[in-house]
Amino acid sequence: MVSNDYDIVVVGAGHAGIEASYAAARLGRKTLMVTTNLNRIGYMSCNPSIGGLAKGHMVREIDALGGEMGICADHNSVQFKRLNANRGPAVRGSRIQADKDRYCQYMKRFLSRLENLDLLEAEVKSLVLSGSKVQGVVLADGSIISSQAVVITTGTFLNAIMHIGHKQISGGRVGDKASTGISDQLAAEGIEVGRLKTGTPPRLLKSSIDFSQTEEQWGDEKVYPFSYHSNVLNPLPQLPCYLSYTNERTHEIIQNNLDKSPMFSGKIQGMGPRYCPSIEDKITRFSDKLSHQTFLEPEGIDSELIYLQGISTSLPEDVQYEFLRTIPGLQEVKMVRPGYAVEYDFVLPTQLSHSLELKAIENLYLAGQINGTSGYEEAAAQGLIAGINAARTLADQDAFILGRDQAYIGVLIDDLITKGTKEPYRMFTSRAEHRLVLREDNTYDRLHDVATSLSLISQKKAETIQGVLDSRSKLLESLNNNKIYPKNDTFQLLAEIPTQNIKNPTPLSVLLRRHEVNIHHMNMFGLDIHEDPKVTEPVEIRIKYEGYIDRQSELIRQANKLEGLQLPKNIDFSNIKGLSTEEKEKLSNIRPRTLGQASRISGVNPSAIQSLMIHLKAHKNDYSRNNVSRQDSST
């Protein structure tokens with residue numbers, strides 16, 4: 001049973017909706033999640049995986065801030081891989097293949113048991129607005145649910161159209177209808193709304209595939225769970241994926257049928273994801289390549305469906321069959337569902353504040369693909385922040401904002417708010433200028449104090465994490481304090497590694513900086529090394545990369561000087577001398593919080609930042625007298 005009065009209503013039950021609802025509920029707010037299908041909570045509309053390069057970083061950050069995505073992924077994993085395992089620690093990324101159905105079932109059970117959270121299967125048609133403030137939602141049956149805040153997490157469903165060849169079907173994915181009304185209402189309120197496109201590959205019948213013609217791909221034997229609170233490793237049977245390749249005949253068929261693709265015929269106007277292109281895009285953009293790889297990924301232990309990674313398409317069904325059967329292993333394949341493209345509305349994210357509140361409508365928060373992003377992890381990260389801030393606003397608390405030097409989540413949101421996007425935004429490690437200090441291994445070092453100070457995690461979870469952090473500190477202290485001395489016994493041990501002899505008394509931490517020496521060699525010198533990789537690995541990385549980390553930390557300190565210079569909320573950029581017309585327009589539209597954010601706006605030159613600094617200095621007393629210089633706190 002649900003009531004008609006809530007603190008917060010969350011519209012949508014995808015990955016953003018889950019984290020927004022959970023965050024708001026655990027912060028004590030009476031919360032309602034509304035979705036059109038309660039059996040598809042946390043449904044993976046596209047690939048059955050969580051994590052990846054930079055995405056795995058965000059999953060760990062979500063976990064550190066009390067979210068559930070990492071724990072659910074750990075408990076429903078059928079394969080684990082650490083990507084870029086042989087490269088530097090800043091660019092390594094954890095990724096799991098998930099059992100798609102079990103993931104949904106887990107999330108539904110989890111949310112159903114939460115205090116302060118109700119679930120409702122219904123369609124939200126519009127928002128209740130009073131002037132420039134949201135006061136609830138209107139359902140399809142005309143009933144009104146009142147609330148003090150609303151978080152919209154509608155994914156790819158706003159005015160969504162699915163394309164298969166020249167056939168168009170209303171809906172955000174197969175089996176679920178489009179959401180209509182909300183984006184039209186926002187546009188009527190003056191909010192700028194655009195169109196984006198995404199796509200998905202065919203789903204294949206496992207029993208129709210000849211896997212002997214493919215390359216078997218198993219996961220890693222050593223598993224690093226996303227969450228330190230996961231109490232099981234590999235609770236489910238582990239499954240392989242399979243690698244195959246397109247060929248010249250595949251490409252020829254696709255090329256000959258491009259006129260039947262809605263992307264190439266002009267039926268789709270929305271911009272698609274640059275870094276996850278359709279197979280039609282691949283063969284035209286990379287025409288010199290004779291083949292493209294594709295991974296055949298199982299959707300679950302009991303599922304007969306195979307997800308064809310890398311073959312997103314919106315060609316007609318008969319053409320899909322024709323080109324699929326040229327791929328090794330798929331000569332007799334049967335499609336359970338063809339691939340298709342989805343075109344949907346999104347809100348240009350420069351209209352949001354860093355709290356993810358829409359600037360023009362008070363207490364209305366947006367999270368996920370409605371903000372122009374692509375991916376489960378990006379959506380979940382935004383949902384978490386939106387849910388936290390909706391709850392904090394109602395408690396008259398400052399907004400929770402992560403800096404670019406604190407988390408990939410901070411980079412994600414700052415990029416969206418400051419730069420906007422014209423295509424589905426996907427997170428990469430290269431987007432973070434401070435990625436050496438934003439590693440997977442030090443997530444809790446960065447965010448644990450924040451999480452505990454804002455009561456985002458339970459006392460039990462806080463104690464678990466603090467125990468790990470204390471063990472790291474003790475290990476680091478031991479490595480710094482224990483020394484080896486230049487004598488024959490030491491030389492023999494060093495030769496076993498092997499590594500060069502020492503000439504002076506040397507702390508073990510200094511020895512560990514050598515490339516050929518690892519943390520477990522320290523046992524040779526009388527140090528009892530903790531076997532837990534959660535303890536040993538971060539300490540080893542910190543020691544080996546200390547010089548680089550220190551240099552990056554200095555750059556962060558310099559950058560934070562600009563971030564510390566906050567811009568008054570009522571500053572009139574049009575009257576500031578030294579700014580070009582373009583700079584005045586962009587600064588007025590985005591209204592940056594700080595000089596640091598202003599410096600990252602495309603088209604705002606360094607000379608403009610100097611002009612802003614001169615203006616602030618000249619009018620410092622005026623802004624102070626009017627008490628308008630206070631900004632949302634940056635945590």
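Summary of the structure given here. The numbering scheme is per chain: residues are counted from 1 as the chain's sequence reads. In view of the model being predicted, local features appear only for residues whose pLDDT reaches at least 70, and side-chain atom pairs are presented and counted only at 80 or more, with totals across whole chains, interfaces and linings using the full set of residues. The basis for every side-chain value is the complete set of heavy atoms in the structure, and neither hydrogens nor water enter the calculation.

**Let's talk about the overall build of the protein chain**
Part 1 of the argument: In this text, helices come from DSSP runs of H or I with a minimum length of four residues, and strands from runs of E with a minimum of two, each type numbered from the N-terminal end. Broken down by element type, the protein chain carries 21 helices and 22 strands.
Part 2 of the argument: The size measure is the radius of gyration over C-alpha atoms, and the globule rule it meets is 2.2 Å times the number of residues to the 0.38 power. Its C-alpha atoms give the protein chain a radius of gyration of 26 Å, within 12% of the compact-globule value 26 Å for 635 residues.
Part 3 of the argument: Taken along the three principal axes of its C-alpha coordinates, the protein chain extends 80 × 75 × 55 Å.
Part 4 of the argument: Residue burial is assigned from relative accessible area. The probe radius is 1.4 Å, only protein chains are included, and a residue is buried under 20% of its type maximum, exposed over 50%, and partly exposed in between. Within the span of the protein chain, comprising 635 residues, buried residues form 58% of the whole.
Part 5 of the argument: In the protein chain, 73% of the contacts between residues at least 6 apart in sequence involve partners at least 24 apart.
Part 6 of the argument: Residue burial considers only the protein chains on display, and all accessible areas are found by Shrake-Rupley using a 1.4 Å probe. Surface exposure of the protein chain reaches about 26800 Å², of which carbon and sulfur atoms provide 46%.
Part 7 of the argument: His is not counted, nor are the chain ends, whereas Lys and Arg count as positive and Asp and Glu as negative. Think of each charge as sitting on NZ of Lys, CZ of Arg, CG of Asp or CD of Glu. Looking at the protein chain, you have 72 positive and 75 negative side-chain charges, and the mean spots of the two groups are 4 Å apart. Contacts: residue pairs with any heavy atoms within 4.5 Å of one another.

**Describing the sheet that holds strand 16 (residues 293–298)**
Consider a sheet: its strands pair through backbone hydrogen bonds, and that pairing is either parallel or antiparallel.
Part 1 of the argument: Two strands are said to pair when DSSP picks up at least two bridges between them. The 6 strands lie next to each other as 14-15-16-17-13-18, forming an open sheet whose pairing is antiparallel. Each end of this open sheet is capped by a strand with a single partner; those strands are strand 14 (215–217) and strand 18 (335–337). Adjacent strand axes in the sheet meet at a mean angle of 35°, parallel and antiparallel pairs treated alike.
Part 2 of the argument: Examined bridge by bridge, strand 16 and strand 17 (residues 305–309) share 4 bridges and lie antiparallel to one another. Among the inter-strand pairings, F295 is bridged to a residue of strand 17, identified as Q309.
Part 3 of the argument: The axes used here are C-alpha line fits, helices contributing only the stretch in contact, and every angle between their N-to-C directions lies in the interval 0 to 180 degrees. Along the sheet, helix 9 (residues 317–324) makes contact with strand 13 (203–205), strand 17 and strand 18, crossing strand 18 at roughly 140°.

**Considering the environment of T443**
Part 1 of the argument: Structurally, the position occupied by T443 is in helix 12 (residues 443–453).
Part 2 of the argument: Judged by its relative accessible area of 1%, T443 falls in the buried class.
Part 3 of the argument: The spatial distance from the C-alpha of T443 to the C-alpha of H229 is 14 Å, given a sequence separation of 214 residues.

**Description of the sheet that holds strand 11 (residues 167–170)**
Part 1 of the argument: Ordered by their spatial adjacency, 4 strands build an open sheet running 11-10-19-12, and the pairing between neighbours is antiparallel. The outermost strands of the open sheet, each flanked by one partner alone, are strand 11 and strand 12 (193–200). Pairwise comparison of adjacent strand axes, ignoring direction, gives a mean angle of 25° for this sheet.

**Quick notes on the pattern of salt bridges**
Part 1 of the argument: Put simply, a salt bridge is a Lys or Arg side-chain nitrogen that is within 4 Å of an Asp or Glu carboxyl oxygen. Counted by the stated rule, this structure contains 31 salt bridges.
Part 2 of the argument: For D414, the salt bridge identified is with R600, shortest N-O distance 2.6 Å. Of this pair, D414 sits in helix 11 (residues 408–419) while R600 sits in the loop between helix 19 (595–599) and helix 20 (606–618); the two residues are 186 residues apart in sequence, bridging distant segments of the chain. The burial state of D414 is the same as that of R600; both residues are buried.
Part 3 of the argument: Taking the shortest distance from any N to any O, the salt bridge between K534 and D532 comes out at 3.1 Å.
Part 4 of the argument: Several salt bridges share partner residues, and in doing so they unite R404, D414, D415, K419, E433, E563 and R600 into one network.

**Describing the state of the cysteines**
Part 1 of the argument: Criterion for a disulfide: a pair of cysteine sulfur atoms at a distance within 2.5 Å. Inspection of the entire model under this criterion finds 0 disulfides.
Part 2 of the argument: Here C104 stays free of any disulfide, with the sulfur of C72 as its closest cysteine sulfur at 8.5 Å.
Part 3 of the argument: For C104, a relative accessible area of 6% corresponds to the buried category.
Part 4 of the argument: The closest cysteine sulfur to the non-disulfide-bonded C241 is located on C46, 14 Å from its own sulfur.
Part 5 of the argument: Assessed through its relative accessible area of 5%, C241 is described here as buried.

**Describing the nonpolar core**
Part 1 of the argument: The biggest cluster of nonpolar side chains holds 133 residues, and the ones touching the most others in it are I50, L65, L364, I409, L479 and M522.
Part 2 of the argument: Here this core takes 11 residues from helix 10 (residues 376–394), the largest share from any one element.
Part 3 of the argument: When neighbours within four sequence positions are excluded, L479 is seen to be in contact with P507, L508, S509, L512, I519, M522, L527, V539 and I543. The criterion is simple. A nonpolar core is a set of buried Ala, Val, Leu, Ile, Met, Phe, Trp, Tyr and Cys residues joined through side-chain atoms within 4.5 Å.

**Focus: the packing of aromatic side chains**
Part 1 of the argument: Pairing of aromatic side chains requires ring centres within 6.5 Å, counting the rings of Phe and Tyr and the six-membered ring of Trp. Pairs whose planes differ by under 30 degrees are stacked, by over 60 edge-to-face, and all others tilted. Taken as a whole, this structure holds 6 aromatic pairs when the rule is applied.
Part 2 of the argument: When the ring of Y22 is compared with that of F110, the centres are 4.9 Å apart and the planes differ by 90°; the resulting orientation is edge-to-face. Of this pair, Y22 sits in helix 1 (residues 15–26) while F110 sits in helix 4 (residues 100–112), and the two are 88 residues apart along the sequence.
Part 3 of the argument: Each residue in the set Y22, Y106 and F110 is aromatic and connected to the rest through ring pairs, giving one cluster.
Part 4 of the argument: The criterion is that NZ of a Lys, or CZ of an Arg, lies within 6 Å of the ring centre and within 35 degrees of the ring normal, and then a charge sits over that ring. Stacked on the ring of Y22, the Lys or Arg R26 has its end atom at 4.4 Å from the ring centre.
Part 5 of the argument: Above the face of the Y228 ring, K534 is positioned so that its terminal group lies 5.5 Å from the ring centre.

**Brief notes about the side chain of S208**
Part 1 of the argument: Note on placement: S208 falls in the loop between strand 13 and strand 14.
Part 2 of the argument: Counting of polar contacts relies on pairs of N or O atoms within 3.5 Å, with two restrictions inside protein: one atom must be capable of donating a hydrogen and the other of accepting it, and residues adjacent in sequence are counted only when both atoms are side-chain atoms. A polar side-chain atom of S208 sits 2.7 Å from the main-chain carbonyl oxygen of L205.
Part 3 of the argument: Those residues in contact with S208 that sit more than four places away from it in its chain are G329, E332, V333 and K334.

**Some thoughts on the environment of M69**
Part 1 of the argument: You can see M69 is positioned in helix 3 (residues 69–75).
Part 2 of the argument: Overall, the relative accessible area of 1% leaves M69 in the buried class.
Part 3 of the argument: Note: C-alpha distance between M69 and K359 (290 residues apart in sequence) is 28 Å.
Part 4 of the argument: Apart from residues no more than four positions distant in its own chain, M69 is found in contact with H15, E19, I50, V59, I62, Y103, M107, Y376, E377 and A380.

**Quick word on helix 11**
Part 1 of the argument: Between its terminal C-alpha atoms helix 11 stretches 16 Å, which fits the 16 Å expected from 12 residues at 1.5 Å a residue.
Part 2 of the argument: Burial of helix 11 is extensive: 11 of the 12 residues sit out of reach of the surface.
Part 3 of the argument: Regarding helix 11, the residues found buried are Y408, I409, G410, V411, L412, I413, D414, D415, L416, I417 and T418.
Part 4 of the argument: The inward-facing, buried residues of helix 11 contact helix 2 (55–64), helix 10, helix 18 (581–590) and helix 19. Multiplying one less than the number of residues by 1.5 Å gives the expected span of a helix.

**So, helix 18**
Part 1 of the argument: Along helix 18, the positions that sit buried rather than exposed are E583, L587 and I590. Taken end-on, helix 18 shows its buried residues confined to a sector of 75°, consistent with a single buried face. In helix 18, the exposed positions angled more than 90 degrees off the buried face are occupied by T581, E585 and N589.
Part 2 of the argument: One or two positions beyond helix 18, positive phi appears at R591, with a value near 50°. Directions from the helix axis toward the C-beta atoms define the arc.

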